[in-house]
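Structure at a glance
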Amino acid sequence: MQRRKQRLNKATIGEVKGFFRRVKLMGNVLGVGIDLVSISEIKDLDERTGGAFSRKTYTEKELELAGKAHDYYEFLAGRFAVKEAVYKAFCGSFPEVNFDFRRVETIKLENGAPKCMPGEELSKIMADIGAKEIMVSISNQNDFAIAIAELI
């Protein structure tokens, strides 16, 4: 029992040190946003508007990627959650900042990870406030998509 406890403590200490090393590498987090979206509500809204919601809300690249996804509306709900989370990350920490969250574009990297691509307007705001990157993560379960955004 004592030996198991020692191994556990060493692993835990190593994990904590690794975590703080990663945090130090990431720099200061300037803002955090999170959003939860109902996939069925995105689908219903898009169907009620004859697709106008999708055309006005998502970039061409996002719509193209959604067309290739296993579940079109699950994909779009995740991207919508990113747009909201990014907006919250900026405006929660910098109330004077305002932008059209629909211009937030999220692409898919080769490994499947989402990557937020700030457009011209958002890049200018990032430069003004000293932000270097927007890190995002998306997850889906049942009828929900959730995204978190960190402004670094």
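Conventions adopted
- Residues numbered from 1 in each chain as written.
- Predicted model: local features only at pLDDT ≥ 70, side-chain atom pairs only at ≥ 80, totals over all residues.
- Heavy atoms only, no water.
- Salt bridge = Lys/Arg side-chain N within 4 Å of Asp/Glu carboxyl O.
- Helix = DSSP H or I, 4+ residues; strand = E, 2+ residues; numbered from the N terminus.
- Buried < 20%, exposed > 50% of the residue type's maximum accessible area, 1.4 Å probe, protein only.
- Pairing = 2+ DSSP bridges.
- Axes fitted to C-alpha atoms, helices over the stretch in contact; angles between N-to-C directions.
- Lys, Arg positive; Asp, Glu negative; His and termini not counted.
- Contact = heavy atoms within 4.5 Å.
- Polar contact = N/O pair within 3.5 Å; in protein donor to acceptor, adjacent residues only side chain to side chain.

**A closer look at the pattern of salt bridges**
- Here the structure, examined in full by the defined rule, presents 8 salt bridges.
- For Glu 64, the salt bridge is made with Lys 61, and the minimal N-O distance between the two is 4.0 Å. Highlighted residues: Glu 64 and Lys 61, both in helix H4 (residues 60-68), separated by 3 residues, approximately one helical turn.
- Take Glu 64: its relative accessible area is 39%, and that puts it in the partly exposed class.

**Looking at the sheet that holds strand E4 (residues 134-141)**
- Spatially, 3 strands are ordered E1-E5-E4 in an open sheet, and the strand pairing comes out antiparallel. Each edge of the open sheet is held by one strand with a lone partner, namely strand E1 (31-38) and E4. Pairs of neighbouring strands in the sheet enclose a mean axial angle of 10°, with direction left out of account.
- Bridge count between E1 and strand E5 (residues 144-151): 8 bridges; the pairing is antiparallel.

**A few points about the side chain of Glu 105**
- With respect to the helices and strands, Glu 105 occurs in strand E2 (residues 105-108).
- The side chain of Glu 105 sits in the buried core without any salt bridge; Lys 83 is the nearest counter-charge, 7.5 Å away.
- Residue contacts for Glu 105: discarding those within four places in its chain leaves Thr 59, Lys 61, Glu 62, Lys 115, Cys 116 and Met 117.

**Quick notes on the side chain of Asp 46**
- Within the element layout of this structure, Asp 46 appears in helix H2 (residues 39-48).
- Buried and without a salt bridge, Asp 46 has Arg 55 as its closest oppositely charged side chain, separated by 6.4 Å.
- Of the polar contacts made by the side chain of Asp 46, one reaches the side chain of Tyr 73; its length is 3.0 Å.
- Non-local contacts of Asp 46, meaning those with residues more than four positions away in its chain, are made with Gly 51, Ala 52, Phe 53, Ser 54 and Tyr 73.

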